[in-house]
Every structure is written in C-alpha cells, then in structure tokens.
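Single-letter residue listing:
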Amino acid sequence: MGKIRGAIVVNTDRCKGCALCADACPKGVIALAAKKVNVHGYPFVEAVNPDDCIGCASCAIVCPDGCIAVYRKKMED
C-alpha cells in the first residue's frame, strides 16, 4: 500500500499574509516568506518544507481568502 503525500499551491497574489494557514499546518510545511511581498504589498506564505506535506488540507480550510489548493497523491513504495 502506498503512502499519501500532499502538495500545496498558494495563489501568492491573493494572499494577505494573515498566517492562519501556517498556524493550522500540523507539519510546519508553510510559513510567511521572508522579505518578500506580493503585487499588493502583503507578505505571503510559501511552502518551506514541501516534502513534509501530508495533504490534510488544514491550511486551505482556514484560509479566509481561498488562496490555497491542496492536492493529494499516492506515492508507491
């Protein structure tokens, strides 16, 4: 049986940097970008440990602006 792995995609132009998603992530996959801002001048979140994502979608659920999409894929052993 394969292991489930997740991947997140952040729409950085819509992100307002509230960091609710980073707080909700149980694996510490995402964090506010250091010294980067989007086109609107907000700091945005990015995947800092993408290989640790388990695809739980906690980040996408709490995002008030709907900026995060989570994909799950089955990894073969």
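Please refer to the structure higher up on the page.
Residues numbered from 1 in each chain as written. Predicted model: local features only at pLDDT ≥ 70, side-chain atom pairs only at ≥ 80, totals over all residues. Heavy atoms only, no water.

Take the overall build of the protein next. Within the protein one finds two helices and four strands. Listing each helix as α and each strand as β along the protein from the N terminus yields β-α-β-β-α-β. Scaling as 2.2 N^0.38, a compact globule of 77 residues should have a C-alpha radius of gyration of about 11 Å, and the protein matches this with 13 Å. Here the C-alpha coordinates of the protein stretch approximately 45 × 20 × 20 Å along the principal axes. (Helix = DSSP H or I, 4+ residues; strand = E, 2+ residues; numbered from the N terminus. Rg over C-alpha atoms; globule rule 2.2 N^0.38 Å.)

Mapping Thr12 onto the fold places it in the loop between β1 (3-10) and α1 (20-24). Sequence spacing of Thr12 and Ala47 is 35 residues, and the spatial spacing of their C-alpha atoms is 11 Å. Leave out the neighbours within four places in its chain, and Thr12 touches Asn38, Phe44 and Val45. (Contact = heavy atoms within 4.5 Å.)

The next thing to look at is a nonpolar patch on the surface. Together, Leu20, Ile61 and Val62 line one region of the surface with nonpolar side chains, adding up to about 270 Å² of accessible area. Secondary-structure assignment places Ile61 in helix α2 (residues 58-62). Classification of Ile61 as exposed rests on a relative accessible area of 66%. (Patch = residues over 30% accessible without salt bridge, like charges linked within 9 Å, V, L, I, M, F, W, Y side chains within 5 Å. Areas by Shrake-Rupley, 256 points an atom, 1.4 Å probe, with all protein chains shown as cover. Salt bridge = Lys/Arg side-chain N within 4 Å of Asp/Glu carboxyl O. Buried < 20%, exposed > 50% of the residue type's maximum accessible area, 1.4 Å probe, protein only.)

Limitation: the analysis is restricted to geometry and does not speak to function.
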